[in-house]
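Structural features, examined
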Amino acid sequence: QVRTLRQQGLAVLQNLLNRASSSEQRRRIEARFSGFSHLQVDLLIADGLTTEALFAAERYKNRVLTWILDSWQAEGICPSITEMQTLLSPTTAAIYWHLSPDTLSTFLITNDDTNPVVATTRPSEAFTTWLKTWTRDYDEYRSKGKVNDQSVKENHPWRANLSQRLDELKIILNIDELANNLSNINNLILIPHRDLHRLPLHTFFPDTLTTYLPSTRIGLSLSQQPPTSALAPLL
């Protein structure tokens, strides 16, 4: 029943987008109901269509990025798997997260596999609960910025519990299972989603050189720049 309602919601959203009178109206509609676009990724994963799910996540992410840059495109450009793999090598992989209202999914993209692997798919509730506590304590910690007594900040719960909180996040993101698939990987490209951009995900992979990207499309654009590009060591 829930699945049917999700599919119906996506159909209604697509109908609204098709009837939009302008690209601006289309953008406002998709921004207002972005949760349905995220749920589309969940449905594709549930059907075992992992590559299509990754493409759906990438297309929506790139549409949002072009929106931020004031160059909204109705169809966000999504590289093919082959194009994505030009960012990789036998020792370089990419971890691509997607966070919907219901599910936290992780795609592992490697150089020698034409099908991205969904390493973890789990309810997003645990992460959402964790993030609320992290944000609350961090905001309180930042509010002490002008306090003269440095010990007040040093002993603040956010700072004192930092290691424990990150250990909790490591479990939520199932990092240990991911690490089992990275035995020959020295370089990692991390592609977070939504609030995951705010977090020090690279600390979970101390033995690898990590690079952050907002999307694979952005990575491909950067790889075409001169060798001074931040991605140069990985290519």
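Our structure's up above, just so we're on the same page.
An account of the accompanying structure is given in this report.

Conventions used here
Residues numbered from 1 in each chain as written. Predicted model: local features only at pLDDT ≥ 70, side-chain atom pairs only at ≥ 80, totals over all residues. Heavy atoms only, no water. Helix = DSSP H or I, 4+ residues; strand = E, 2+ residues; numbered from the N terminus. Expected span 1.5 Å × (residues − 1). Buried < 20%, exposed > 50% of the residue type's maximum accessible area, 1.4 Å probe, protein only. Arc of directions from axis to C-beta. Salt bridge = Lys/Arg side-chain N within 4 Å of Asp/Glu carboxyl O. Phe/Tyr/Trp six-rings, centres within 6.5 Å; stacked < 30°, edge-to-face > 60°. Lys NZ or Arg CZ within 6 Å of the ring centre and 35° of its normal.

With that out of the way, let us pick up helix α6 (residues 125-142). Counted at 1.5 Å a residue, the expected span for α6 with its 18 residues is 26 Å, and the 26 Å between its end C-alpha atoms agrees. Those residues of α6 that fall on the buried side of the exposure criterion are Phe127, Trp130, Leu131, Trp134, Asp137 and Tyr141. Considered in projection along α6, the buried side chains sweep an arc of 145° and stay on one side of the axis. In α6, those exposed residues whose orientation departs by more than 90 degrees from the buried face are Glu125, Lys132 and Arg136.

Applying the stated rule across the entire model yields four salt bridges. A salt bridge links Lys170 to Asp176, with the nearest nitrogen and oxygen atoms 3.8 Å apart. Assessed through its relative accessible area of 29%, Lys170 is described here as partly exposed. The exposure class of Asp176 is exposed, given its relative accessible area of 53%. For Asp195, the salt bridge identified is with Arg198, shortest N-O distance 3.1 Å. Via salt bridges that share partners, Arg136, Asp137 and Arg165 belong to a single interconnected network.

This part takes up unusual backbone geometry. Most of the time, phi is negative for any residue but glycine, and the peptide bond is trans. Positive phi values are uncommon outside glycine, yet Asn174 reaches one of about 55°. Looking at the element boundaries, Asn174 is found in the loop between α9 (162-172) and α10 (175-180). We classify Asn174 as buried; its relative accessible area is 15%.

Under the definition given, this model contains seven aromatic pairs. A ring pair is formed by Phe127 and Trp130, whose centres lie 6.2 Å apart and whose planes are at 20°; its orientation type is stacked. Linking Phe127 with Trp130, this pair stays in helix α6, spanning three residues, or about one helical turn. Both residues of the pair, Phe127 and Trp130, belong to the buried class. Their ring planes at 70° and their centres at 5.4 Å tell us that Trp134 and Trp158 sit as a pair that is edge-to-face. Here Trp134 is found in helix α6, whereas its partner Trp158 is found in helix α8 (residues 157-160), with 24 residues between them in sequence. A relative accessible area of 6% places Trp134 in the buried class. Through successive ring pairs, a cluster of aromatic residues spans Phe127, Trp130, Trp134, Tyr138, Tyr141 and Trp158. Over the aromatic face of Tyr96 sits the side chain of Lys61, whose NZ or CZ is 4.8 Å from the ring centroid.

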